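This is what each chain is made of:
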Amino acid sequence: MNSSLTDTPTGSGASPAAGKTVLITGGTSGIGAATARLLLGRGHRVAVTGRDPGRLKAFLDEAGPADRVLGLVADASDWASTNTAVADTMERFGSLDAAVANAGGASADHFRTSGADVMDGGDPELWAPMVLANVLGPALLAKAALPHLEQSRGRLVLIGSVAGIKNSPGNLYSATKWAVVGFAENLRLHATTRGVGVTVVNPGMIDTAFWHGQAPPVAMSPDAVAEAIGFALDQPAGVDLNTVTVRPIGQPA
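A brief structural summary. (Residues numbered from 1 in each chain as written. Predicted model: local features only at pLDDT ≥ 70, side-chain atom pairs only at ≥ 80, totals over all residues. Heavy atoms only, no water.)

1. A look at the pattern of salt bridges
Logical step 1: Under the definition given, this model contains six salt bridges.
Logical step 2: Of the charged contacts in the structure, one is a salt bridge between Glu185 and Arg188, with a shortest N-O distance of 2.9 Å. Within this pair, Glu185 and its partner Arg188 are both found in helix H7 (residues 172-191), separated by three residues, close to a single helical turn.
Logical step 3: Connected through salt bridges with shared partners, the residues Arg42, Glu227 and Asp234 form a single ionic network. (Salt bridge = Lys/Arg side-chain N within 4 Å of Asp/Glu carboxyl O. Helix = DSSP H or I, 4+ residues; strand = E, 2+ residues; numbered from the N terminus.)

Right under this line is the structure:
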């Protein structure tokens with residue numbers, strides 16, 4: 001069961017003001033947190049999920065206006081948790097205009113082995129949570145959010161990766177992102193008949209905690225990816241922007 005962290009009482013009687021309501025999974029750091037800050041700065045209402053209550057509270061303490069932000073302790077790879085997060089967002093803000101499937105990451109052995117040699121030197125015990133978060137998580141969010149996005153004529157944004165459009169020897173993380181890219185198109189075929197847009201954003205190298213202290217020499221700020229997400233959410237009615245790939249200049253692959 002989810003728990004919420006907020007300074008403002010929830011209530012089904014909330015009436016949406018100007019701006020959109022956006023739910024972001026894995027919103028306490030990196031791309032998710034950068035996107036939440038960007039959207040709050042533009043006057044939108046934002047719900048963010050995170051598994052760690054302490055990190056979620058720390059984000060909320062610095063996020064900005066408490067009346068427009070909601071924190072939810074939730075596991076993106078768990079159906080009940082995800083469904084409750086969507087329901088809590090609806091209860092608090094009264095609508096849902098967009099959902100961003102951002103939660104996920106790579107297992108620690110992908111960094112110890114540089115990803116490419118994980119089949120030889122990796123630990124299979126570490127792989128299941130990565131696969132569940134990266135592949136199952138976006139599907140669960142889509143299922144929970146689509147009925148509400150159909151009402152608002154809204155948008156689903158899935159965070160893929162350049163690793164999901166370029167092959168890498170033995171890299172299971174890359175395979176999970178290929179799954180996200182494929183699912184995004186399958187989802188688009190389904191959602192477009194219901195008036196819902198679908199965008200997959202494929203970031204290149206980003207300077208975040210994702211790298212476990214081993215950030216690559218060429219990397220961009222998560223704010224750059226947040227801007228790409230914001231661009232997708234700002235598309236005019238009737239326009240479906242499907243794929244955005246954003247790399248730092250200097251990243252050849």
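2. Here's the deal with the pairing of strand S2 (residues 21-24)
Logical step 1: Along S2, one buried face is formed by Thr21 and Leu23 and the opposite face, lined by Val22 and Ile24, is buried too.
Logical step 2: In this sheet, strand S3 (residues 45-50) lies alongside S2 in parallel orientation, the contact comprising four bridges. Bridge assignment links Thr21 to a residue of S3, and that residue is Arg45.
Logical step 3: A crossover connection joins S2 to the parallel S3 through helix H1 (residues 30-41); in handedness this β-α-β unit is right-handed. (Buried < 20%, exposed > 50% of the residue type's maximum accessible area, 1.4 Å probe, protein only. Pairing = 2+ DSSP bridges. Right-handed = clockwise from strand over helix to strand, strands pointing away.)

3. Concerning unusual backbone geometry
Logical step 1: Positive phi, close to 55 degrees, is recorded for Arg153, a residue that is not glycine.
Logical step 2: Among the secondary structure elements, Arg153 is positioned in the loop between helix H6 (127-152) and strand S6 (155-159).
Logical step 3: On the accessibility criterion, Arg153 (59% relative accessible area) is exposed.

4. Side note on H7
Logical step 1: Here H7 contains 20 residues, and its C-alpha end-to-end distance of 28 Å stays within 8% of the 28 Å for a straight helix at 1.5 Å per residue.
Logical step 2: Of all the positions in H7, only Tyr173, Ser174, Thr176, Lys177, Val180, Ala184, Leu187, Arg188 and Ala191 are classed as buried. Mapping the buried residues of H7 onto a view down its axis gives an arc of 160 degrees, with all of them on the same face.
Logical step 3: Two to three positions downstream of the cap, the backbone nitrogen of Tyr173 sits 3.0 Å from a side-chain oxygen, assigning the N-cap of H7 to Asn171. (Expected span 1.5 Å × (residues − 1). Arc of directions from axis to C-beta. Polar contact = N/O pair within 3.5 Å; in protein donor to acceptor, adjacent residues only side chain to side chain.)

5. A few points about helix H3 (residues 79-93)
Logical step 1: End to end, H3 covers 21 Å across 15 residues, agreeing with the expected 21 Å (1.5 Å per residue, within 8%).
Logical step 2: Taken as a whole, H3 has its buried residues at Ser81, Thr82, Ala85, Val86, Thr89, Met90, Arg92 and Phe93.
Logical step 3: Here the buried face of H3 lies against S2, S3, strand S4 (69-73) and H6.
Logical step 4: Here H3 starts with a cap whose side-chain oxygen sits 3.3 Å from the backbone nitrogen of Ala80, and that cap is Asp78.
Logical step 5: A positive phi of about 85 degrees marks Gly94, the residue just after H3. (Contact = heavy atoms within 4.5 Å.)

6. Focus on the side chain of Ser174
Logical step 1: You can see Ser174 is positioned in helix H7.
Logical step 2: If near-sequence neighbours (up to four positions away) are discounted, Ser174 is found in contact with Ala163, Gly164, Lys166 and Ser168.

7. Focus on the nonpolar core
Logical step 1: The biggest cluster of nonpolar side chains holds 30 residues, and the ones touching the most others in it are Ile24, Val201, Val225 and Ile229.
Logical step 2: Setting aside residues no more than four positions away along its own chain, Val201 makes contact with Val157, Leu158, Ile159, Gly160, Ser161, Val225, Ala228, Ile229 and Val244.
Logical step 3: Among the nonpolar cores identified, the runner-up in size contains 27 residues, and Ala47, Ala142, Val198 and Val200 belong to it. (Core = buried A, V, L, I, M, F, W, Y, C linked by side-chain atoms within 4.5 Å.)

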